[in-house]
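The primary structure of each chain is shown beneath.
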Amino acid sequence: MRKLHMLHSLNLNVGDLGVNVRRINNWFGVKDGDLLELCVCTKDPETHKIEGHGKIEFLEAYNFRNIPARLLEFEHEEMSRRYFGLLESMRRDYGKEFNEHEQVLVIGYRRVD
């Protein structure tokens, strides 16, 4: 089971669809139906807390700048439901060198508990 780390609260009710955007190179081998541990983390101090589980419903690859708005509305972090909010979040998570032309994977999952 893969761990989906997030640096903010899990704002997703059980049964709801969530979307998370990740750099594609770290997620090879995942497929529809795989289960995820939904892990809420902090950087300083480093902590990890599993707050639930999700089941992958879809995986879609895009250049970051081409992610459809219809998918962003399901982002699990409220500020990331808008393009520039998601870009800020990606730069916070991956560093300022993250750019809009990178390949990313949109992970769509349903929270199961």
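Look up a bit, the structure's there.
Just so we're clear, the structure is a prediction, and the values are computed from it rather than from any experiment. Numbering of residues starts from 1 in each chain and follows the order in which that chain's sequence is written. Only residues with pLDDT of at least 70 are given local features in this predicted model, and only at 80 or more are side-chain atom pairs given and counted; all residues enter the totals for whole chains, interfaces and linings. Where side-chain values are given, they derive from all heavy atoms of the structure, hydrogens and water being excluded.

Chemist: Please give an account of the environment of His5 that cites residues and values.
Modeler: Helix and strand assignments follow DSSP, with helices taken as H or I runs no shorter than four residues and strands as E runs no shorter than two, numbered in order from the N terminus. Mapped onto the elements, His5 comes out in strand 1 (residues 2-6). Between buried and exposed lies partly exposed: a residue is buried under 20% and exposed over 50% of the maximum accessible area for its type, with that area taken using a 1.4 Å probe on protein chains only. Under the relative-accessibility criterion, His5 is labelled partly exposed at 33%. Beyond its immediate sequence surroundings of up to four residues, His5 is in contact with Arg22, Cys39, Cys41 and His48. Polar side-chain contacts of His5 include one of 3.4 Å to the side chain of His48. Contacts between residues were defined by any pair of non-hydrogen atoms, one from each residue, lying within 4.5 Å. N or O atoms closer than or at 3.5 Å make up a polar contact, with two conditions inside protein: a donor-capable atom paired with an acceptor-capable one, and, for residues adjacent in sequence, both atoms drawn from side chains.

Chemist: Outline the sheet that holds strand 1, listing residues and values.
Modeler: Two strands in a sheet stick together by hydrogen bonds in their backbones, pointing the same way (parallel) or opposite ways (antiparallel). A strand pair is defined by DSSP finding two or more bridges across the two strands. In space, the 5 strands of this open sheet follow the order 1-3-4-5-2, with mixed pairing throughout. Two strands lie at the open edges of the sheet, namely strand 1 and strand 2 (17-23), each paired on one side alone. Geometrically, the sheet is characterised by an average inter-axis angle of 45 degrees between neighbouring strands, direction not taken into account. Bridging between strand 3 (residues 35-43) and strand 4 (residues 46-63) involves 9 bridges; their strand directions are antiparallel. Directly across from Thr42, in strand 4, lies its bridge partner Thr47. Sitting on the sheet, helix 2 (residues 83-94) is in contact with strand 2, strand 3 and strand 5 (103-111), with an inclination near 55 degrees to strand 2. Note on geometry: axes are lines fitted to C-alpha atoms, helical ones only across the stretch in contact, with angles between N-to-C directions running from 0 to 180 degrees.

Chemist: Which residues make up the side chain of Asp34, and what values go with them?
Modeler: For Asp34, the location among the structural elements is in the loop between strand 2 and strand 3. Within the local environment of Asp34, its side chain forms a polar contact with the backbone nitrogen of Lys31, the two atoms lying 3.0 Å apart. For Asp34, the residues in contact, after removing those within four places along its chain, are Gly29, Gly54, Lys55 and Ile56.

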